[in-house]
Amino acid sequence: MNLKVKRYPFYIGITTLVVVIVITLTGLFLWISHRESKAAAIHMADRLFSEINAKTLERYERTLESVAVLVGLAARIPGMATAPEEAGTSHPGIELMIKALDFYDYIFSTYLGYDNGSFIQIVAVRDQPELRLLFDAPPGAAYILRTIFTDSQGLKQQRWRFLNLKRQVIGKIDNLDPDFDPRSRPWYIQAGKLETAFFTEPYIFSSTKVPGITCAQRLLSGGGVFGADITLDRFSISLERQKVSDNGRLFLFDRTGRVIAHPTENPIKTGAGETLSFLTGEESADPLVRAIVAEYRAHPEYLRNRTLEIMINSATYLVRSTAFKTDLKFDHILASTAPLADFTGHIRRMQQRIYLFSGLVLLVVMPLALLVSRKISGSLIQLEKESRKIQQSDFSESKPFDSSIKEIHSLIKAFVLMKSTIRDYTARLIQAKQEIEDLFTAVTELLAGAIDAKSPYTGGHCKRVPVVAKMIAMAAHESTDAPFANFRMDAEDKRREFEVAAWLHDCGKVTTPEHVVDKATKLETIYNRIHEIRMRFEVLLRDAEIDFYRQRLAGNADGACLEAQLEKRHKQIADDFAFVAACNIGGEFMPDEKIERLEEIAARTWVRHLDDRMGISQDETALKNRQPRPTLPVVEHVLTDKPEHIIPRPNPDPFEGNTYGFNMAVPENQYNLGELYNLAIRKGTLSPEDRFKINEHIIQTIIMLRRLPFPENMKHVAEIAGAHHETMIGNGYPRGLKKEEMSIPARIMAIADIFEALTAADRPYKKPKTLNEALRIMSRMRNDRHIDAELFDLFLQSGVYQTYAEQFLDPAQMDAVDIRHYLSSSHA
């Protein structure tokens, strides 16, 4: 029984085993310690959060309760019902109001409002620079006394007085908050509805525009309300001072999700009116606030009075939420939060020590394991080196080596035999590969030569385009300018791919009929059908003469008159044919007047006596049989568009499903050979069907090249070869590509194709352009963004045009060129 064992380097196996053992033990210990330590850290955080929340709430609740007790006590003092006089310093309640401010530093002000609109208020200045600035308080001012009273004339008056610590008036101001009426304040209105002390919703204090809350209660004897203000910043300052952990914090919010107090963020959005607008949890810039408020509103019972883990921004946080006592009627929640990492620092330090210890163990064990295992597996290492040499196609002889281990010895013998076999096979393979490449190159060049030989109208185009294209590509390769800095053609595979694409860029022309490519006149197909037209006009001339002789024999008119008529008809027929023949040339633009005359001439008729379905091919018969056979003799027009002139498209989808992205408009029929239809072509000799057939060569080029199983290193042949009729702005064909959608080699092909076509001297239908004429035309094409401006500048500046001209152009074409006239900068 033969066992197949997966083999691997021995020293790697030993070393890997040691590393795996150390890492596994380390990981197991870290996991256990992390799990236990994390549970302990969470328990410790729960106790800490519970204690902090309890103490913070106790402090807040004690504050609020003491303020409520103060307000309730003051509301029961009989003297409080006395309305203030002008000075206000003799009011019975002023001593209690000042002592309350002295005793409770978190109270901003105390005051009394009366049903008749009178008002007395004491504001504690304390060490608050912004308050002194607001009231323009003089130095030494400890309190601000505000009174609203009714003077002797029954008018309401308001006075502001600054008092020092001895209750002495040291200054005054009378123009602050003149429209204040206590009876319109929310605390006054609400006090009329409740019998006990209560806390208002946060609002803007009228005189200071400072946000805060009011604890108020209606006087027991009636007639007024006693109140005490607490500013909201007292809560934020308290939260900021409370230390949770290094990165922990506390904040206050209500059950509707509004943030009331935050240690670092101002929760107030607006303060324009007396009703405040607070940031909601969703609007807060603090991600902790956003997550905790949302979680609390979704699951209030789950989150209340317990410490939980919450993932916020991929980090674990501990959170505890505690609500105020319900009997305070202060519906707010205190949240404390801190990263779990603040409580697991000792775990990280322990893990670092374990990492360090494990690293030291690995540093000691790994070299020892490597040393022992490499000593044992020296022959395996040598065998590996030999395999690498084979991978690099290096089959040179090496120093003999062996092993005392039986299995390794057998492996070495097999390896030596394999190396010898591979060396012989590789030599044959390289030779075969070169032969295949040579054959492919020969076939490629043979195909290009066949296309050139197919029609004199293409000449040596397919042979010369690769030459100029390669020159431009190498100029781009050598250029250090920005557009070509990363373009390289130094790899043999890239050069071969480009050369094959250049040789085959017009291979689709093998599908284009010669009579379309070579169509020199409008009526030309396999032959020039003007001869048929001329014969019909000959028939018209003959008919005119026959008609003349018939009338002479009949004696219907004077002989001289008949001869004059015959001469006139002869001249008209000859002129009409000359006009038709001129239209057939296609040298001038056909205006509407000429087309109208063609239609008039086409109205002439002649009589056919012989069957036109005799002696024709099956295809012609099928086309004619689409119409019933006429009864002879039949009258026909000298110029006509017959149904059999329409040759339908054999394949309604020439794009074969158009998986290639072609966007060319396809004519309905493959050909329209109608005589009048072709003669009426306004410019040139090609009908829309002929033009599509010629342009279709690039479609066939792409389809043919896509079907070829090119190797990976030549997968761009079709893309390079098939884009030389595209433009930089997407109005070319066959796919309407833009510059950014084409590679540099593809854009090079367009310039090479155009330059060769303009300067070619072996095309019978045109005179070759000189260098200046060709470059002038190409510069206009550059301006119209038909060719790449940067490549055209490179074509000029590198001198490729001159190098190519010296090899292929007639000396008469090589006039002196000043490239400055054609560079992009000269047309900017």
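Everything below is about the structure shown above.
J.: Whenever I open this one, the overall build of the protein confuses me. Can you help?
T.: Of regular secondary structure, the protein possesses 24 helices and 20 strands. In terms of overall dimensions, the protein is more spread out than a globule: its C-alpha atoms have a radius of gyration of 52 Å, far above the 28 Å expected for 828 residues. Over its C-alpha atoms, taken along the principal directions, the protein stretches across nearly 155 × 110 × 60 Å. A total of 828 residues make up the protein; the buried ones form 45% of that total. By sequence separation, contacts in the protein at least 24 residues apart represent 62% of the contacts at least 6 residues apart. Surface summary for the protein: the accessible area is close to 44,300 Å², and the carbon and sulfur share equals 56%. Placing the 104 positive and 108 negative side-chain charges of the protein at their respective mean positions leaves the two points 6 Å apart.

J.: Which parts of the structure should I look at to understand the pattern of salt bridges?
T.: Charged atoms that come close allow side chains of opposite charge to pair. Taken as a whole and judged by the stated rule, the model has 31 salt bridges. Across the pair E95 and R167 runs a salt bridge, and its minimum N-O distance is 3.3 Å. Remark: R167 occurs in the loop between β4 (156-163) and β5 (169-173) and E95 occurs in helix α2 (residues 94-103); sequence separation between them is 72 residues. Salt bridges linked by common partners bring R608, D612, K624, E636, K642 and E644 together as one network.

J.: So what exactly am I meant to see when it comes to the pairing of strand β8 (residues 211-218) here?
T.: Side-chain positions along a regular strand alternate between the two faces of the sheet. Counting buried residues along β8, seven of its eight residues qualify, which places the element largely inside the surrounding structure. Bridge count for strand β6 (residues 198-199) against β8 is two bridges, and the pairing is antiparallel. Paired with F198 across the bridge in β8 is A216. One ladder, built from two bridges, connects strand β7 (residues 203-204) with β8; its direction is antiparallel. Looking at the pairing, I204 lines up with P211 of β8.

J.: Would you mind going over a nonpolar patch on the surface with me for this structure?
T.: Nonpolar side chains collect at one region of the surface, where L356, L360, L363 and V364 lie side by side and expose about 430 Å² of accessible area between them. Residue class for L360 comes out partly exposed when judged on its relative accessible area of 47%.

J.: Sorry, what's going on with the side chain of T231 here?
T.: As for its placement among the helices and strands, T231 is situated in strand β9 (residues 224-231). Not counting residues up to four positions away in its chain, the partners in contact with T231 are F108, F205, V210, P211 and G212.

J.: Explain a negative patch on the surface here, please?
T.: A contiguous patch of negative charge, built from E593, E596, E599 and E600, is present on the exposed surface. Note that E593 resides in helix α16 (residues 592-602).

J.: Explain the sheet that holds strand β15 (residues 315-323) to me, please; I cannot follow it from the model alone.
T.: With antiparallel pairing, the five strands of this open sheet are ordered in space as β11-β10-β16-β15-β14. Strands at the two margins of the open sheet, each flanked by one partner only, are β11 (259-261) and β14 (307-312). Sheet twist, expressed as the mean angle between neighbouring strand axes with direction ignored, is 40°. Bridge analysis of β14 against β15 gives six bridges, and the strand direction is antiparallel.

J.: Explain helix α15 (residues 559-585) here, please?
T.: Side chains three or four residues apart in an α-helix point the same way, a direct result of the helix having 3.6 residues per turn. Taking 1.5 Å of rise per residue, 27 residues should cover 39 Å, and α15 covers 39 Å from first to last C-alpha, within 8% of that figure. Among all positions in α15, only L562, L566, I573, D576, F577, F579, V580, C583 and N584 are buried. With a side-chain oxygen lying 3.1 Å from the backbone nitrogen of A560, the N-terminal cap of α15 falls on D558. Following α15 by one or two positions, G586 adopts a phi angle in the positive range, close to 75°.

J.: I keep staring at the packing of helix α11 (residues 461-478) against helix α23 (residues 789-797) and nothing clicks. Help me out?
T.: Any two packed helices are characterised by the angle at which their axes cross and by the distance between the axes. Two numbers describe how α11 lies on α23: the axes approach to 10 Å, and their chain directions differ by 95°. Compared by their axis directions, α11 and α23 come out roughly perpendicular. Each of V468, I472, A475 and A476 in α11 lies in contact with α23, whose residues at this interface are L791, L794 and F795.

J.: Looking at this model, I keep getting lost on the packing of aromatic side chains. Mind explaining?
T.: How two aromatic rings sit relative to each other is given by the distance of their centres and the angle of their planes. Tallied over the full model, the rule gives 20 aromatic pairs. Relative to W160, the ring of F135 lies with its centre 5.4 Å away and its plane at 35°, an arrangement referred to as tilted. With a gap of 25 residues between them, F135 in helix α3 (residues 129-135) and W160 in strand β4 connect regions that are remote in the sequence. For W160, a relative accessible area of 0% translates into the label buried. Summarising the aromatic geometry, the rings of Y660 and F662 are spaced 5.2 Å apart at their centres and angled 25° between planes, so their arrangement reads as stacked. This pair shows no difference in class: Y660 is buried, exactly as F662 is. Here the aromatic residues F755, F792, F795, Y801, Y804 and F808 are joined through ring pairs into a cluster of three or more. Between R146 and the ring centre of F180, over which it is positioned, the NZ or CZ distance is 4.1 Å. Lying across the ring of F579, R597 places its NZ or CZ 4.4 Å from the centre.

Calculation criteria
- Residues numbered from 1 in each chain as written.
- Predicted model: local features only at pLDDT ≥ 70, side-chain atom pairs only at ≥ 80, totals over all residues.
- Heavy atoms only, no water.
- Helix = DSSP H or I, 4+ residues; strand = E, 2+ residues; numbered from the N terminus.
- Rg over C-alpha atoms; globule rule 2.2 N^0.38 Å.
- Buried < 20%, exposed > 50% of the residue type's maximum accessible area, 1.4 Å probe, protein only.
- Contact = heavy atoms within 4.5 Å.
- Areas by Shrake-Rupley, 256 points an atom, 1.4 Å probe, with all protein chains shown as cover.
- Lys, Arg positive; Asp, Glu negative; His and termini not counted.
- Charge placed at Lys NZ, Arg CZ, Asp CG, Glu CD.
- Salt bridge = Lys/Arg side-chain N within 4 Å of Asp/Glu carboxyl O.
- Pairing = 2+ DSSP bridges.
- Patch = residues over 30% accessible without salt bridge, like charges linked within 9 Å, V, L, I, M, F, W, Y side chains within 5 Å.
- Axes fitted to C-alpha atoms, helices over the stretch in contact; angles between N-to-C directions.
- Expected span 1.5 Å × (residues − 1).
- Polar contact = N/O pair within 3.5 Å; in protein donor to acceptor, adjacent residues only side chain to side chain.
- Parallel < 35°, antiparallel > 145°, perpendicular 65-115°, else oblique.
- Phe/Tyr/Trp six-rings, centres within 6.5 Å; stacked < 30°, edge-to-face > 60°.
- Lys NZ or Arg CZ within 6 Å of the ring centre and 35° of its normal.

Shape descriptors only; they carry no functional weight alone.
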